[in-house]
Each structure stands twice: as C-alpha cells, then as structure tokens.
Amino acid sequence: MPFVELETSLPAERLPPGLALQLCSAAADILGKPAERVNVTVRSGLPMVVAGSAEPCAQLLVSSIGVLGSAEENRRHSARFFDVLTAQLGLGPERIVIRFFPLEPWQIGKNRTVMTFL
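Here the structure is a predicted model, which is why all the values come from computation and not from measurement. (Residues numbered from 1 in each chain as written. Predicted model: local features only at pLDDT ≥ 70, side-chain atom pairs only at ≥ 80, totals over all residues. Heavy atoms only, no water.)

Visitor: How should the side chain of S9 be read in this particular structure?
Guide: The topology assignment puts S9 in the loop between β1 (3–8) and α1 (19–31). Within the structure, the side chain of S9 is placed 3.0 Å from the backbone nitrogen of C57, a separation counted as a polar contact. The residues touching S9, leaving out its near neighbours within four places in the chain, are G45, L46, M48, E55, P56 and C57. (Helix = DSSP H or I, 4+ residues; strand = E, 2+ residues; numbered from the N terminus. Polar contact = N/O pair within 3.5 Å; in protein donor to acceptor, adjacent residues only side chain to side chain. Contact = heavy atoms within 4.5 Å.)

Next up, the structure:
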C-alpha cells in the first residue's frame, strides 16, 4: 500500500489537471503495485526552500511495504519518479527532492486492523 505525497511551492493553478491521478498511475507502475492500493496527496502553494533557494521546487515522499528496501531499488525508482515530476511540474531535477520510507505491514492501519492481518 504505497503512499505518495507531493509538496510543492508551485501554486495550484500551475499544476496540470488530474496530477494526483497521474501520480497514482505512475507510482503503481514504478513500484509494481496495483493502482487500487496507491494513496496520493498533492499539496501546492507551500512556502519551501530546496538547496538554500526559494525558487519553485517540489518534494516527493514515497512510502511503501516491500519495494523501497535498498539503495539499488530506490535508485531505479528515483530516476523514474524524476522523469514524471520534471515532465509534469516543469521543474529541473535540481529543484526536486525525493525521500523514500520503507514501511512494515504493522505500520499501516486499514479496515479496523493493520495490513499484517489483511
């Protein structure tokens, strides 16, 4: 069950329509998970600084069970997420930061229990 959170200083009107759904589809493909399990949040217009600069920027937080466990995996994921973000946001890769958080099934609650038991 991946969670993808995009935070950006770009105002909402500069984001492409349907960005959350596009990120959902891209994350499902990149992480090899069904889109029905992907959760996406997009926050725009945030005061942000990346690399010491307040120029337009974005930060992507990706957390999931079982697919973010190594530097090699995340290196591949990173390249693909950067391709999506630079194309969709019109930002250079130097203005985007991605953070990966591996999760365990007991850390996600759903349907009154945790993923361990589903």
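Visitor: Sorry if this is basic, but what is going on with the sheet that holds strand β4 (residues 96–103) here?
Guide: For sheets, the rule is that strands pair by backbone hydrogen bonds, running either parallel or antiparallel. Pairing in this open sheet of four strands is mixed, and the strands run β2-β1-β3-β4 from one edge to the other. The open sheet has two free edges, formed respectively by β2 (39–43) and β4, since each of these has just one partner strand. Across the sheet, the mean angle separating the axes of adjacent strands is 10° when strand polarity is ignored. Pairing analysis gives five bridges linking β1 to β2, with the strands arranged parallel. (Pairing = 2+ DSSP bridges. Axes fitted to C-alpha atoms, helices over the stretch in contact; angles between N-to-C directions.)

Visitor: Help me understand helix α2 (residues 71–89) in this model?
Guide: An α-helix turns once per 3.6 residues; consequently, residues spaced three or four apart project the same way. With 19 residues, α2 extends 25 Å between its outermost C-alpha atoms, agreeing within 8% with the 27 Å of an ideal straight helix rising 1.5 Å per residue. Of the surrounding secondary structure, the elements contacted by the buried residues of α2 are β1, α1, β3 (58–65) and β4. Looking at the residues trailing α2, positive phi occurs at G90, about 70°. (Expected span 1.5 Å × (residues − 1).)

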